[in-house]
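# Overview (structure and organization)
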Amino acid sequence: MAHRVILESFSYQYPGQVTPALADISLAVPKGQCCALLGPTSAGKTTLLQSISGILHKHHASGFASGKIVIGDESYAPLPEEIQFPKIAYALQDPYVQISGVRETVLDEIRFTLENLGRWDSSTDDSILSLLRHLGIDHLAERKPTTLSGGETQRVALATILIAEPDVLLLDEPLTALDYVAQDRLSDLFKGIKERSTILFTDTHMEFALAVADVIVVLEKGRMVFSGDRKGLLDHIDSFESILPSHQWKELIRTVKVSQGPEATEAILKAMETI
Amino acid sequence: MRIESKNVSFSYPGGPDVLRDLSFAIESGEFLLLVGQNGAGKSTLLKLLNGLLKPTHGSISIGELDTRHHATPLLAGHISVTFQNPADQIFASTVREEVAFSPTNLRRANARELTEKALALCNLQSVASHHPYDLPQAQRKLVTVAGALAAGTTFLAFDEPTAGLSQIERSVLDQMVTHLLNEGRGFIVVSHDLELFFRHATRVAVLSRGGLTFTGKTRELIESGTVLEEAGLRLPTSFQIKRRLKLP
């Protein structure tokens with residue numbers, strides 16, 4: 001079942017670094033909601049996901065953390081010290097690292113997750129195939145994972161995590177190699193698993209966030225420079241020009257303002273719903 | 001100089017055709033944007049262009065050189081290709097050495113100048129003495145792009161160059177492309193980042209199930225309406241909204 005995720009004045013500094021990777025981050029994602037963490041390279045997006053997942057403390061136990069992280073009813077001060085898979089699942093940025101490479105077929109690669117969790121039996125193959133269908137990769141079930149294209153590999157890597165049905169799903173740049181249609185499938189899938197998983201994902205673009213996110217956070221150099229909803233993001237678009245690809249959206253808002261006046265962002269979001 | 005693909009088909013040994021009967025041409029100074037669904041054969045096409053793979057039927061020529069009869073090292077003097085995963089091609093221990101590899105290997109007389117220019121265009125001068133693996137992944141990707149530029153080839157072919165890049169590196173790439181197009185270099189770019197590359201593309205080619213279903217100007221593609229949908233693609237959301245709201 002989906003769990004809420006809360007960060008209270010959370011800061012983190014890697015061992016040996018002089019500036020914090022994250023400074024004073026406060027953020028609340030209600031259970032079953034989807035949160036987009038946007039920002040450029042080195043903004044702290046990955047560090048934020050890793051601090052929730054428990055990986056950060058595991059890998060850099062001597063880093064300095066302060067503040068508090070709350071997941072469901074559990075409170076961690078300052079952060080979880082153990083990896084809590086599959087309750088909290090974290091998908092790495094590089095899908096080639098995520099895939100084990102020891103299994104001969106895509107289907108078997110995903111079974112591997114369930115086997116490790118002691119959840120696999122012959123009936124679970126149906127849920128695997130259904131997940132592959134939702135991701136648009138069911139035709140790849142019998143392919144060797146190491147022979148797939150970039151976008152296909154990324155979706156297989158996602159499937160190995162999604163099949164664990166975590167309470168909190170942390171996805172690090174899940175869209176980098178996906179074409180728009182594959183992104184649309186993922187957005188439908190996100191909406192379909194809301195009851196089950198709270199989702200936090202990172203992205204360097206705003207388009208997907210505008211389609212799926214309930215909560216949007218923009219990070220820059222470890223600081224939170226925006227937190228709000230989709231309308232808020234569009235209303236403040238001028239502030240993000242140098243850190244998010246926003247040129248086309250800015251143009252769009254300007255053009256819509258000419259015909260619709262100050263209600264332009266509402267009109268855009270409404271039009272988005274109908275696409 | 002011109003790249004020409006004539007009726008090219010390709011299949012991996014024992015497999016079905018991945019690419020079927022592809023014909024297109026690109027001149028230096030042009031930008032060909034190649035779009036298609038995941039798994040449509042776009043990356044395979046780039047490997048055919050630099051001779052890593054040879055057509056099963058048909059031919060590709062880079063200037064005077066037919067890729068069937070010339071090895072990759074010779075073709076590399078005219079076309080430089082980067083692939084999706086930067087880990088596939090980085091091996092030197094500093095960024096500068098990595099970028100200098102191609103021009104040195106190609107025995108370019110101005111290797112040093114080409115290296116420094118590529119570092120500058122990719123905004124990597126300040127990290128030139130770093131180990132490539134100490135850089136964030138996005139910047140590492142720019143290292144592979146700089147390596148390709150430094151080869152000083154007429155043509156540059158990039159596979160998903162903006163995947164994983166944030167706006168900071170993306171705008172570096174944006175300016176670099178503008179600069180090199182003005183210099184008369186030619187680009188063949190495989191990308192899902194239509195928002196960025198529609199601006200540069202002199203021509204767009206749509207690859208669907210191994211065949212080209214469209215080649216033409218960006219505007220024609222946007223106005224055609226159905227070509228992208230038929231190839232399992234769509235326009236960026238901001239373009240779709242414009243159309244929905246009947247804006248120019």
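Up top is the structure.
No experiment lies behind these values; they were computed from the predicted model shown. (Residues numbered from 1 in each chain as written. Chains lettered and ligands numbered in written order. Predicted model: local features only at pLDDT ≥ 70, side-chain atom pairs only at ≥ 80, totals over all residues. Heavy atoms only, no water.)

### Some words on the overall build of chain B
Across its full length, chain B carries 10 helices and 10 strands. A globule of 248 residues ought to have a C-alpha radius of gyration of about 18 Å, and chain B, at 18 Å, matches this closely. Counting the 248 residues in chain B, one finds 57% classified as buried. The contacts of chain B with a sequence gap of at least 6 include a subset with a gap of at least 24, amounting to 64%. Total accessible area computed for chain B in this model is approximately 10,200 Å², and 49% of it derives from carbon and sulfur atoms. (Helix = DSSP H or I, 4+ residues; strand = E, 2+ residues; numbered from the N terminus. Rg over C-alpha atoms; globule rule 2.2 N^0.38 Å. Buried < 20%, exposed > 50% of the residue type's maximum accessible area, 1.4 Å probe, protein only. Contact = heavy atoms within 4.5 Å. Areas by Shrake-Rupley, 256 points an atom, 1.4 Å probe, with all protein chains shown as cover.)

### Re the overall build of chain A
Helices and strands together make up the secondary structure of chain A, namely 11 helices and 10 strands. For 275 residues, the compact-globule estimate of 2.2 N^0.38 gives 19 Å, and chain A sits close to it at 19 Å. Along the three orthogonal principal directions, the C-alpha set of chain A runs to about 60 × 45 × 30 Å. Across the 275 residues that make up chain A, the buried fraction comes to 57%. Restricting the contact set of chain A to residue pairs at least 6 apart, pairs at least 24 apart contribute 65%. As displayed, chain A has an accessible area near 11,400 Å², and 49% of this comes from carbon and sulfur atoms. A gap of 2 Å separates the mean positions of the 25 positive and 37 negative side-chain charges of chain A. (Lys, Arg positive; Asp, Glu negative; His and termini not counted. Charge placed at Lys NZ, Arg CZ, Asp CG, Glu CD.)

### Some remarks on the sheet that holds strand β2 (residues 17-27) of chain B
Residues and elements named next belong to chain B. As summarised here, the arrangement of the 4 strands in space is β2-β1-β4-β5, forming an open sheet in which the pairing is antiparallel. Each edge of the open sheet is held by one strand with a lone partner, namely β2 and β5 (65-66). In this structure, strand β4 (residues 57-62) lies alongside β5, joined through 2 bridges in antiparallel fashion. Across the sheet, the residue bridging to Ile62 is Leu65, located in β5. (Pairing = 2+ DSSP bridges.)

### Quick notes on the environment of B:Phe83
Residue and element names in this part refer to chain B. Note on placement: Phe83 falls in the loop between β6 (79-82) and α3 (95-105). Residue class for Phe83 comes out buried when judged on its relative accessible area of 18%. Sequence separation between Phe83 and Lys141 is 58 residues, and the spatial gap between their C-alpha atoms is 9.6 Å. Once you skip the residues sitting within four places of it in the chain, Phe83 turns out to touch Lys47, Asn50, Leu52, Gln89 and Asp159.

### A few points about the environment of B:Ser238
Mapped onto the elements, B:Ser238 comes out in helix α10 (residues 237-244). Residue B:Ser238 is classed as buried on the basis of its relative accessible area, which comes to 3%. In sequence terms B:Ser238 and B:Ser23 are 215 residues apart; their C-alpha atoms lie 32 Å from each other. Beyond its immediate stretch of four places on either side in the chain, B:Ser238 contacts A:Glu207, A:Gln248, A:Trp249 and A:Leu252.

### What about the packing of aromatic side chains?
This structure, assessed with the given rule, holds 11 aromatic pairs over all chains. Taking 5.4 Å as the distance between ring centres and 75 degrees as the angle between the ring planes, the aromatic pair formed by A:Phe201 and A:Phe208 counts as edge-to-face. Here A:Phe208 falls in the buried class, since its relative accessible area comes to 3%. With 5.7 Å between their ring centres and 75 degrees between their planes, A:Phe226 and A:Phe240 make a pair best called edge-to-face. A residue pair is termed long-range when its members are at least 10 positions apart, and A:Phe226 in strand β10 (residues 223-228) and A:Phe240 in the loop between α9 (230-235) and α10 (247-260) qualify at 14 residues. We note that A:Phe226, like A:Phe240, is buried. Through a chain of ring-to-ring contacts, the aromatic side chains of B:Phe31, B:Phe158, B:Phe187 and B:Phe197 assemble into a single cluster. (Phe/Tyr/Trp six-rings, centres within 6.5 Å; stacked < 30°, edge-to-face > 60°.)

### Here's the deal with the interface of chain A and chain B
In this assembly, 41 residues from chain A lie in contact with 35 residues from chain B. The contact between chain A and chain B buries some 3,200 Å² in all, and 57% of this surface belongs to carbon and sulfur atoms. On the surface where chain A and chain B come into contact, there are 2 salt bridges. For the salt bridge of B:Arg234 with A:Glu207, the shortest nitrogen-to-oxygen distance reads 3.6 Å. Our count for the chain A to chain B interface comes out at 6 residue pairs in polar contact (both at pLDDT 80 or more). Residue assignment for the side of chain A that touches chain B shows that the elements contributing at least two residues are α6 (150-162), α7 (180-192), α10 and α11 (264-273) of chain A. In terms of residue count, α10(A) provides more of the side of chain A that touches chain B than any other element does, 8 residues in total. (Buried area = accessible area lost by both parts, 1.4 Å probe. Salt bridge = Lys/Arg side-chain N within 4 Å of Asp/Glu carboxyl O. Polar contact = N/O pair within 3.5 Å; in protein donor to acceptor, adjacent residues only side chain to side chain.)

### Notes on the pairing of strand β6 (residues 88-91) of chain A
All names here are of chain A. Because side chains alternate across β6, one face comprises the buried residues Ile88 and Tyr90, and the other comprises Ala89 and Ala91, equally buried. Note: β6 against strand β7 (residues 168-171), 4 bridges, orientation parallel. The partner of Tyr90 across the bridge, within β7, is Leu170.

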